[in-house]
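Architecture and fold: a report
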Amino acid sequence: MASSELSFPTGLGTSTSDTISLLGQDLAADLMGKVGFGELAFWLVAGRRPSAGEVRLFEAVLVALADHGFTPTAIAARLTYLSAPDSLQGALAAGLLGGGSRFLGVTEDCGRFLADTLVAAGTEKDYDVIALDAVRKARDEKRFIPGLGHPVHKEQDPRTPVLIAIAEEEGLRGPHLRLFEAIGRVHPSVLGRRLPLNGAGVCGAALADLGLPTDLLRGFALLARCAGLLGQLAEERRRPIANQIYLAVDRNAVYEPLPGTRED
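Throughout what follows, the structure given in this document is the object of discussion. Not measured: the values here are computed from a predicted model. (Residues numbered from 1 in each chain as written. Predicted model: local features only at pLDDT ≥ 70, side-chain atom pairs only at ≥ 80, totals over all residues. Heavy atoms only, no water.)

Before going further, it helps to examine the overall build of the protein. The helix and strand inventory of the protein stands at twelve helices and three strands. The buried share of the protein, reckoned over its 264 residues, is 40%. Considering only intrachain contacts with a sequence separation of at least 6, the fraction spanning at least 24 residues in the protein is 73%. Within the structure as shown, the protein displays about 15,300 Å² of accessible surface, and the carbon and sulfur contribution to it stands at 56%. Here the protein carries 27 positive and 32 negative side-chain charges, and the mean point of each set is 5 Å from the other. (Helix = DSSP H or I, 4+ residues; strand = E, 2+ residues; numbered from the N terminus. Buried < 20%, exposed > 50% of the residue type's maximum accessible area, 1.4 Å probe, protein only. Contact = heavy atoms within 4.5 Å. Areas by Shrake-Rupley, 256 points an atom, 1.4 Å probe, with all protein chains shown as cover. Lys, Arg positive; Asp, Glu negative; His and termini not counted. Charge placed at Lys NZ, Arg CZ, Asp CG, Glu CD.)

To continue, consider the packing of helix H3 (residues 52-66) against helix H10 (residues 199-209). It is the contact of H3 with H10, at a shortest axis distance of 10 Å, that shows an interaxial angle of 155 degrees. With respect to each other, H3 and H10 are oriented roughly antiparallel. H3 and H10 meet at a crossing whose hand is left-handed. Contacts between H3 and H10 involve Leu57, Phe58, Val61, Ala64 and Leu65 from the former and Ala200, Cys203, Ala206 and Leu207 from the latter. Among the residues making up the contact of H3 with H10, the classes are represented as nine nonpolar, no polar and no charged. (Axes fitted to C-alpha atoms, helices over the stretch in contact; angles between N-to-C directions. Parallel < 35°, antiparallel > 145°, perpendicular 65-115°, else oblique. Left-handed = near helix turned anticlockwise from the far one by under 90°. Nonpolar A, V, L, I, M, F, W, Y, C, P; charged D, E, K, R; others polar.)

Following both chains from N to C, one finds helix H2 (residues 37-46) and H3 inclined at 100 degrees, their axes separated by 9 Å at the closest point. The angle between the axes of H2 and H3 places the two elements in the roughly perpendicular class. Where H2 approaches H3, its residues Gly38, Glu39, Ala41 and Phe42 are matched on the opposing element by Glu54, Val55, Phe58, Glu59 and Leu62.

One open sheet holds the three strands; their spatial order is E1-E2-E3, and the pairing between them is antiparallel. Here the strands that pair on one side only, and so sit at the sheet edges, are strand E1 (13-15) and strand E3 (25-26). Where E1 and strand E2 (residues 20-22) come together, three bridges link them in antiparallel fashion. In the sheet register, Thr14 faces E2, and the bridge partner there is Ser21. (Pairing = 2+ DSSP bridges.)

In this section: the side chain of Glu236. Residue placement: Glu236 occurs in helix H11 (residues 217-238). For Glu236, a relative accessible area of 5% corresponds to the buried category. Polar side-chain contacts of Glu236 include one of 3.2 Å to the backbone nitrogen of Ile241. Among residues more than four places away in sequence, those in contact with Glu236 are Arg78, Tyr81, Ile241 and Ala242. (Polar contact = N/O pair within 3.5 Å; in protein donor to acceptor, adjacent residues only side chain to side chain.)

Side chains of Leu12, Leu44, Val45 and Leu216 sit close together on the surface and give an oily, nonpolar patch of about 300 Å² of accessible area. By the element assignment, Val45 lies in helix H2. (Patch = residues over 30% accessible without salt bridge, like charges linked within 9 Å, V, L, I, M, F, W, Y side chains within 5 Å. Salt bridge = Lys/Arg side-chain N within 4 Å of Asp/Glu carboxyl O.)

Moving on: H2. For H2, the full list of buried residues reads Gly38, Glu39, Leu40, Ala41, Phe42 and Trp43. Where the residues of H2 are buried, they touch E2, E3, helix H1 (27-31), H3 and H11. Positive phi appears at Gly47, one or two residues downstream of H2, with a value of about 75 degrees.

Moving on, we come to the nonpolar core. Core analysis: the largest hydrophobic core is formed by 48 residues, its most contacted members being Phe58, Leu114, Phe180, Ile183, Leu207, Leu210 and Leu212. Elements that contribute at least two residues to this core include exactly H2, H3, helix H6 (106-121), helix H7 (127-140), helix H8 (159-169), helix H9 (175-191), H10 and H11. (Core = buried A, V, L, I, M, F, W, Y, C linked by side-chain atoms within 4.5 Å.)

In structure tokens:
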């Protein structure tokens, strides 16, 4: 096939010798200096320009997920930078690769859980009834409910009420957030203990209420954490600690035979 016959449709970015087009806009004339990065990220994925209220909630989610201290993602990035200071991209990638079911991935897991639960509920509109059924089912199947509980914030995740309040103020407190709040109300009667709704879970609920694809929600968590990891690496350059972490583990390693092995 001749190159002139090739066609690769895209609604994102194209360029000519003197122009760049993005989302049907002239990048230089229409977007640069006029559209914030958060708004652009939303637009790129959703295929529509968000309202001011949607941008506010979306960017609040990104801020909530950017950094949470010396988490495994931050430590991995710092240690990789220690090992390969010539590879900033490797250090960033190392941190991002740690976004899974325990850290960052909860955002997507929770959004998908809530979306699936709402679909299964059909015409039922009482969120407490839907939540009670979902919690009982998770208990009977011995599954964790994504977004319920936090290793540090035992009483309340400080991000949770703020995100819910912003969603309420902007008229964006939709079914996913309302269901998640209902889970927070009803789960103690089923599980016999009270667990906080964590910030990552609320972020997933808020993103789902914004109409963003649940299968891509982890990507937004990684987008936010990329900024946090870059900050971690900048601080590592100013005030290095990665070598201390490495030496603390290495110098305190104790040999123990593997279980079931014999040493003569």
